[in-house]
Structures are given as C-alpha cells and as structure tokens.
Amino acid sequence: MRPVDLNGVWRVTAADDQQRRDGIGLSTDDSSWPEIEVPGHWRSHPDFADSDGPLLYRRRFEVDELPEQRRRWLTLDGIFYQADVWFDGAYLGDAEGYFMPHTFDVTALSQIGDDHVVAVETVCSPQHGHRGKRNITGIFQHWDGLDRDWNPGGIWRPVHLYDTGPARIDRLRVLCRDADEARAHVLLRAAVDCDETRSVVVRTFVDGEVVTETEQRLAAGPNDVNWSVDIANPRLWWPRSLGDQPLTTVEVEIEIDGRISDSRIRRTGLRVVAWNNWSCSVNGERLFLKGANLLPTRAGLADASPAEMRRDIELAVEAGLDALRVHGHIAPRAIYDAADELGMLLLQDFPLQWGYARSVRDQAIAQAQAAVDQLGHHPSIIQWNAHNDPAAVAIGIEGDSTKSRLRYLAAHQLPSWNRTVLDRWVRRSFERADPTRLCVPHSGVLPHLPLLDGTDSHFYFGWYHGDARDIERLAATVPRVVRFMSEFGAQAVPDTADFIDAEAWPDLDWDTLATRHGLQKWVFDQRVPPADFPTFDAWRQATQRYQAELLRHHIELLRRLKYRPAGGFCMFALNDPAPVVSWSVLDHERVPKLGWEALKRACEPVIVVADRPPEIVAPGENDLRHEIDGAVVDVTASWSGGSRRWRFGGDVPADECVRVGSVSMEVPDTLGALAVDLVLTAGDLIQTNHYSAAITHVPD
C-alpha cells in the first residue's frame with residue numbers, strides 16, 4: 001500500500017475530560033466540531049485565535065485491510081509541542097518534541113476493519129518567563145523577537161499512514177566522518193523495529209550502486225544497527241565560496257526472505273569539517289565565516305512555503321555570507337536542503353533558549369540525539385550548539401542598570417544548573433550521536449572558571465550596553481572574546497510597519513509595541529530618542545541609519561582581526577519571522593532596511609577599511625582565494641575649504657588582511673565635517689569606503 005495522506009480537513013474542539021472519554025472513538029459524532037486544516041497551527045483558526053489549548057483533533061478515514069506479513073504505521077511528522085494519540089479509541093502513546101516525527105504501530109488495530117479514526121490531543125503550554133521553561137521550543141515561546149503571547153500549538157507537519165514488511169527502519173543516521181579526494185568514510189546507524197527475532201539482509205547503496213550487503217540478526221522490538229562504508233574517489237562537497245556542492249544519495253534497504261521490508265534514503269555531501277580556536281576549515285581549507293543569525297521564515301512554521309524558505313538562503317548568498325546560525329530553533333527540512341544545494345554553512349542551535357526547569361533534562365538528551373538522526377546527513381551543518389544564552393539574565397531583558405550588569409556577570413561566572421549541568425548533558429548527547437562535528441555546550445557565555453575559555457560571544461555594544469566603539473577597546477584588551485561573535489547589532493524600525501499607527505506620532509502605543517512587536521523603547525530612548533524627531537518617518541530612517549553604521553563598523557573591525565584572532569562572525573539577524581521591530585536587516589515581508597546594504601558592502605570579498613576615526617576631532621581585508629597584485633589605496637581627507645591625499649601600494653596575499661599604511665594630519669581650524677574616503681584599485685577591482693567626523697573646538 002502506498003502511504004495514505006491524512007492531511008487536509010480535520011475536526012477540532014477544546015479538550016476536556018469528557019472529550020478524552022467520548023471524543024476519541026469511531027462512534028463519536030464530531031459533525032458539530034469546527035473544521036481545521038492539517039498541517040497548520042490552531043491559532044490560524046478564528047475560533048482558537050487566542051487559545052493555548054489543549055485541543056482534540058480528529059480525522060476519520062477508510063483504508064484497505066492490512067495484508068499478511070505486513071505492518072502498518074501512523075506517523076505524525078511534527079506536533080507543537082506534546083500530544084496523546086488514539087487510533088479507533090485505543091491509546092497509542094504520547095509524543096513530545098516539535099521538530100521530529102512520532103510513529104506508532106497500528107498493525108493489530110488495522111486488522112479489525114477498514115473504517116478508522118485518529119484522535120490527537122495536542123497541547124503547547126505557555127512559557128511565561130525566561131527562567132524555568134519546560135517546553136523545548138526555543139525562540140517560538142516567550143522570546144523578544146516575537147509576540148510574547150504567541151502560541152505555535154498544533155499539528156504543523158503532515159500525518160500519514162504507511163505499510164512495511166516485518167522490519168521497519170525507524171531512523172537512519174548518515175554522517176561523513178572524513179573525506180579527501182581518494183576516499184570518504186561514512187558512518188551509518190539504523191534504528192530498526194522488528195516483529196520477531198529474524199535474520200535480515202542490510203544493503204547499502206551509494207548513488208544507486210550497492211556498496212555493502214550484510215546479514216544481520218535482529219531481536220524482536222527495537223534494534224540499533226551500526227556500520228560504515230568507504231566511498232572511493234568521492235566528489236567533495238564545498239562551501240559556496242570554495243567550490244561546488246555535489247550531493248550523494250545513500251539508500252539503505254532491509255530484505256527479509258527475498259522481499260524488501262523497508263528502505264530509507266538520505267542525501268548527503270562528502271566533506272570534513274575541523275575547528276581550531278574558532279576558525280573553521282572545510283576539506284582542509286580555512287574559511288573566515290561571514291554570517292548572520294537565521295530566524296524562522298514565519299512564526300508559524302506550517303505557514304512558510306519551501307520556496308519562501310529557499311529564498312531566505314538565497315538572500316544570504318546575495319548578501320555575500322558564508323554561514324548562517326540557525327538561531328534558537330530547528331527549522332523545517334527545506335532550509336537544510338537549500339543550504340546543502342547552495343553551499344551555505346550552518347551553525348545549528350538546539351532549541352534551548354534562556355533558562356529551563358530541571359524536569360527537561362531527559363527530554364533534552366533524547367531530543368538532541370533525535371536532532372542528529374534528523375539532520376546529521378546535511379553537509380551544510382558544521383556545528384551543534386546545545387543551549388543559547390543559558391545564563392537567562394540579560395541586560396536586554398531586565399534593563400541596563402548596575403544591578404542587572406552585576407547579575408549578568410554573576411550568571412556567567414557562578415555555577416548554575418542550566419549552564420553547568422544541563423548543557424553538559426546535552427553536549428554529551430550530541431557528541432555521542434555525532435563524532436564528526438564540534439558541539440559547544442552553550443552560546444554567549446563569557447570566559448569563566450575553571451578554564452576561563454568561554455564560547456562564542458554575544459556583545460551588544462551600542463545597543464544594550466556601552467558605546468559601539470567599546471568593541472574595539474574590548475578586542476584590544478581581551479582578544480579571546482572576539483574569536484567568534486555570534487550576536488551583535490541594533491534594532492531598527494522596518495519600512496513594512498502597518499502594525500504601527502504612525503498617525504499617532506509621537507504618542508504611539510509603546511506598551512503594545514513592546515509586548516507584541518518586540519520594540520525596546522527604553523533602549524531607543526538612549527540610542528535614537530523618538531522625542532528628537534518631528535515625524536515617525538524621520539525617526540524610522542534614523543533608527544535604520546544607526547543600525548547600518550553599527551553593523552558596518554563591527555564587521556569591519558572583525559574583518560581587520562581576521563584569524564588574529566577572529567574566525568568569523570554572525571550578526572543579529574538576517575530576517576524577521578513576523579511583524580516586529582527587531583535587529584534584522586530584512587523585515588517580515590523581506591523589504592530591506594538600510595542595514596541590508598551595509599551588510600552587503602561589509603561582506604564583499606575585498607574591502608578597504610581604516611581605523612574608525614573619532615566622532616569628534618579638535619584642531620592642533622582580502623577573502624579571495626588568490627593574491628591581489630599591484631593594489632593601490634588612495635586616501636582622501638576633505639573638509640570645508642580643503643583636502644589632503646595619500647597613496648599606498650603593494651600586493652595582498654590570498655585570504656589575508658593586510659595593513660597598508662597609516663596617515664596623520666593636523667586637523668584644520670575649520671568647524672564642520674571631516675570626511676575620509678578610501679579607494680582600492682587593482683586592475684578591474686575597485687572598492688571604496690567612507691568615514692566621517694565632526695570638527696569642533698575643545699572647551700578650555
């Protein structure tokens with residue numbers, strides 16, 4: 001039997017004890033229940049637009065009777081976030097975890113007749129704070145980039161029924177451990193459910209050719225089967241800036257008594273990834289990672305089409321990025337397929353965001369392993385991160401005060417259950433499941449005892465704390481903390497802002513904008529005060545200019561520190577999943593802010609930069625894989641009534657940042673603007689940059 005698609009119209013109602021007793025069987029009359037589309041989220045239905053569940057879903061259907069020696073399975077590809085499942089009134093079990101499928105054996109129940117009903121009670125409990133969370137849903141619940149009250153609950157991926165022989169492949173893990181031009185070594189693990197003790201043949205195909213065939217003895221129930229294959233003369237997969245992206249198909253089938261019982265296919269890429277002090281190499285080639293944080297394409301994952309998700313990866317390519325950090329969530333499969341095909345590297349967060357209750361540990365360990373099973377074959381993924389911002393105390397959440405800063409520092413230095421215990425367990429689960437990739441225990445943790453090593457850094461200088469120029473002083477004082485900055489940026493108001501009543505300026509509904517649209521007014525009051533602008537449009541443009549300049553100067557600094565010690569960066573963030581005021585450079589309709597062009601210019605393969613001049617003065621890199629010969633840099637300082645020029649020349653080695661010279665001048669005694677323009681010329685290559693400062697008198 002071909003798989004039976006159970007998508008489409010289901011019936012749904014609020015779940016209570018009576019519905020749990022009477023609403024799950026074949027005899028239930030559900031004709032008065034509202035209809036709802038599956039896949040989807042229940043809040044897309046007007047009757048449940050404000051609901052936090054639980055809801056009971058039902059779908060009645062007919063299917064052919066099950067032939068002998070066949071087994072039947074019901075799979076829910078994705079539910080937010082927990083579910084109890086019944087088939088013809090019989091309880092099948094519970095499911096927890098939004099990003100992986102949940103499968104149940106309905107063989108015996110399918111033999112009773114051809115008329116059946118599936119009932120699923122789904123719940124996604126609200127998470128009311130950034131501490132003590134219990135749902136492993138990452139940024140989808142209680143996050144400052146979405147409506148704090150958003151609930152993603154529902155059956156958000158397809159539901160289907162399908163048949164196999166006596167043995168079913170529950171999960172297939174495919175990992176490329178190492179690869180070069182002569183050979184690739186691939187690790188495989190299949191979780192196989194068998195009806196009874198049997199001998200089976202496990203056959204492995206690579207691009208349609210049989211490479212291994214072994215006999216395996218299976219016990220009744222779950223079995224773990226591990227093996228490896230060597231692939232001669234492999235076509236290596238490369239990041240987009242280093243080469244091509246050939247993909248290899250790996251298929252595993254199980255044969256019993258001359259018949260195929262079940263099979264699974266994975267599409268992978270053959271490459272090897274290594275990290276050294278936060279510098280990444282792929283197939284032995286070092287690569288400075290220019291990246292951004294990738295947020296969900298839509299707040300409701302079921303609402304995003306594959307084309308929309310692919311477009312987000314294409315936009316990252318258009319911006320000149322090499323990498324994306326999948327921030328605080330596991331995305332739908334289309335994201336990873338597009339990244340594989342386009343050569344975009346991914347740093348993958350596990351969906352732990354901020355602080356969690358102790359009760360989540362077992363689920364987190366199990367779901368980390370499931371993440372490897374689901375995603376491990378994707379060559380684009382180069383790193384796992386077990387937990388994002390586990391300190392759960394951030395200046396951005398609690399306000400920038402001396403008290404919050406002390407709490408922030410203490411949360412990074414003192415042992416805690418989340419950072420010290422939970423994160424180590426989750427990292428260990430990743431490392432056991434996937435020995436081929438780096439797994440960091442957490443992201444955004446400062447150096448702390450006993451090793452004082454730290455991880456990647458989150459510094460919002462110029463937004464939550466300090467001045468944008470403080471990052472330069474920090475990099476000079478403690479270079480270790482800028483080895484890889486995976487979050488930095490500033491909020492900016494988008495052009496697509498229908499959710500803001502601009503006519504009410506300056507008396508906007510600031511409270512609603514804060515709770516439902518992410519706007520952090522207390523920070524804007526410090527950085528780009530609304531009170532300083534006569535119109536909403538003037539303020540909006542000013543916020544975008546501020547964001548663009550901050551991003552530009554952070555990225556230029558990190559590129560000047562290329563490999564000394566910076567291995568790359570991921571600015572925050574690329575895209576918005578909903579109508580919000582956020583750190584992204586593309587809004588929820590993918591209309592660019594000014595920061596988009598700043599990001600693109602700063603991420604060009606070759607840029608010419610200078611140390612950022614002071615804001616006020618008083619009178620008195622190359623990412624190309626080949627050398628640039630005969631480069632000339634012209635520097636022009638200009639002011640009202642005059643200018644001065646300098647010229648430097650020489651060669652720039654491949655994949656290097658080179659200091660070409662320094663300039664000094666006596667600041668003219670002419671009040672006004674001082675502009676510094678840079679032009680790099682090398683054959684047909686031309687790159688420019690611009691800096692500005694204000695000339696003023698220093699008070700006596």
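Note that the coordinates shown come from a computational prediction; the quantities given were computed from them, not determined experimentally.

Caption draft 1: Broad picture of the pairing of strand β19 (residues 259-268). Pairing of strand β18 (residues 248-256) with β19, which is carried by nine bridges, proceeds in the antiparallel orientation. Its bridge partner lying in β19, Val250 is registered against Arg266. Connecting β18 to the antiparallel partner β19 that follows it, the hairpin turn spans two residues, and Asp257 within it adopts a positive phi of roughly 55 degrees.

Caption draft 2: Seen up close, the side chain of His142. Here His142 lies in the loop between β10 (115-123) and β11 (154-155). Apart from residues no more than four positions distant in its own chain, His142 is found in contact with Gln127, His128, Gly129, His130, Lys133, Arg148 and Trp354.

Caption draft 3: Seen up close, helix α8 (residues 417-433). Across its 17 residues, α8 extends 23 Å between first and last C-alpha, which sits within 8% of the 24 Å expected from 1.5 Å per residue. Bending of α8 peaks at approximately 30 degrees at the position of Asp423. Every buried residue of α8 is accounted for by Trp417, Asn418, Arg419, Leu422, Asp423, Val426, Ser429, Phe430 and Ala433.

Caption draft 4: Spatial organisation of the packing of helix α3 (residues 306-318) against helix α4 (residues 333-342). At a closest axis distance of 9 Å, the pairing of α3 and α4 adopts a crossing angle of 40 degrees. Accordingly, the angle class assigned to the pair α3 and α4 is oblique. Seen along the crossing, α3 lies across α4 with a hand that is right-handed. Together, Pro306, Met309, Arg310, Ile313, Glu314 and Val317 of α3 and Ala334, Ile335, Ala338, Ala339, Glu341 and Leu342 of α4 make up the contact between the two elements. Looking at side-chain class alone, the contact of α3 with α4 contains nine nonpolar, no polar and three charged residues.

Caption draft 5: Broad picture of the nonpolar core. Trp10, Tyr57, Leu74 and Leu324 are the most contacted members of the largest nonpolar core, which totals 104 residues. No other element matches helix α5 (residues 361-375), which puts six residues into this core. Excluding residues that lie within four positions of it along the chain, Tyr57 makes contacts with Trp10, Arg11, Val12, Ile36, Val38, Trp42, Val118, Ala119, Val120, Thr122, Gly154 and Ile155. The next biggest cluster of nonpolar side chains, apart from the first, holds 33 residues, and it includes Leu295, Tyr460, Ile500 and Ala542.

Caption draft 6: Geometry of the side chain of Arg43. With respect to the helices, strands and loops of the structure, Arg43 is situated in the loop between β3 (35-38) and β4 (55-62). Residues in contact with Arg43, not counting those within four places in the same chain, are Phe48, Ala49, Asp50, Ser51, Asp52, Asp149, Trp150 and Asn151.

Caption draft 7: Representation of the environment of Ala490. Looking at the element boundaries, Ala490 is found in the loop between β29 (484-487) and α10 (510-517). Ala490 sits in the buried class, given a relative accessible area of 0%. When the C-alpha positions of Ala490 and Pro246 are compared, they lie 38 Å apart, and in sequence the two are 244 residues distant.

Caption draft 8: Just a negative patch on the surface, in detail. Taken together, the side chains of Glu62, Asp64, Glu65 and Asp114 present a region of like negative charge at the surface. Within the secondary structure layout, Asp114 lies in the loop between α2 (107-110) and β10.

Caption draft 9: The sheet that holds strand β8 (residues 90-96), seen in detail. One open sheet holds the six strands; their spatial order is β3-β2-β4-β10-β7-β8, and the pairing between them is antiparallel. Edge positions in the sheet fall to β3 and β8, since each has one partner strand and no second. If you compare each strand with its neighbour and ignore which way they point, the axes differ by 30 degrees on average. By the bridge criterion, six bridges tie strand β7 (residues 82-87) to β10 in an arrangement that is antiparallel.

Calculation rules
Residues numbered from 1 in each chain as written. Predicted model: local features only at pLDDT ≥ 70, side-chain atom pairs only at ≥ 80, totals over all residues. Heavy atoms only, no water. Pairing = 2+ DSSP bridges. Helix = DSSP H or I, 4+ residues; strand = E, 2+ residues; numbered from the N terminus. Contact = heavy atoms within 4.5 Å. Expected span 1.5 Å × (residues − 1). Bend = angle between axes of the 7 residues up to and from the residue. Buried < 20%, exposed > 50% of the residue type's maximum accessible area, 1.4 Å probe, protein only. Axes fitted to C-alpha atoms, helices over the stretch in contact; angles between N-to-C directions. Parallel < 35°, antiparallel > 145°, perpendicular 65-115°, else oblique. Left-handed = near helix turned anticlockwise from the far one by under 90°. Nonpolar A, V, L, I, M, F, W, Y, C, P; charged D, E, K, R; others polar. Core = buried A, V, L, I, M, F, W, Y, C linked by side-chain atoms within 4.5 Å. Patch = residues over 30% accessible without salt bridge, like charges linked within 9 Å, V, L, I, M, F, W, Y side chains within 5 Å. Areas by Shrake-Rupley, 256 points an atom, 1.4 Å probe, with all protein chains shown as cover. Salt bridge = Lys/Arg side-chain N within 4 Å of Asp/Glu carboxyl O. Lys, Arg positive; Asp, Glu negative; His and termini not counted. Charge placed at Lys NZ, Arg CZ, Asp CG, Glu CD.

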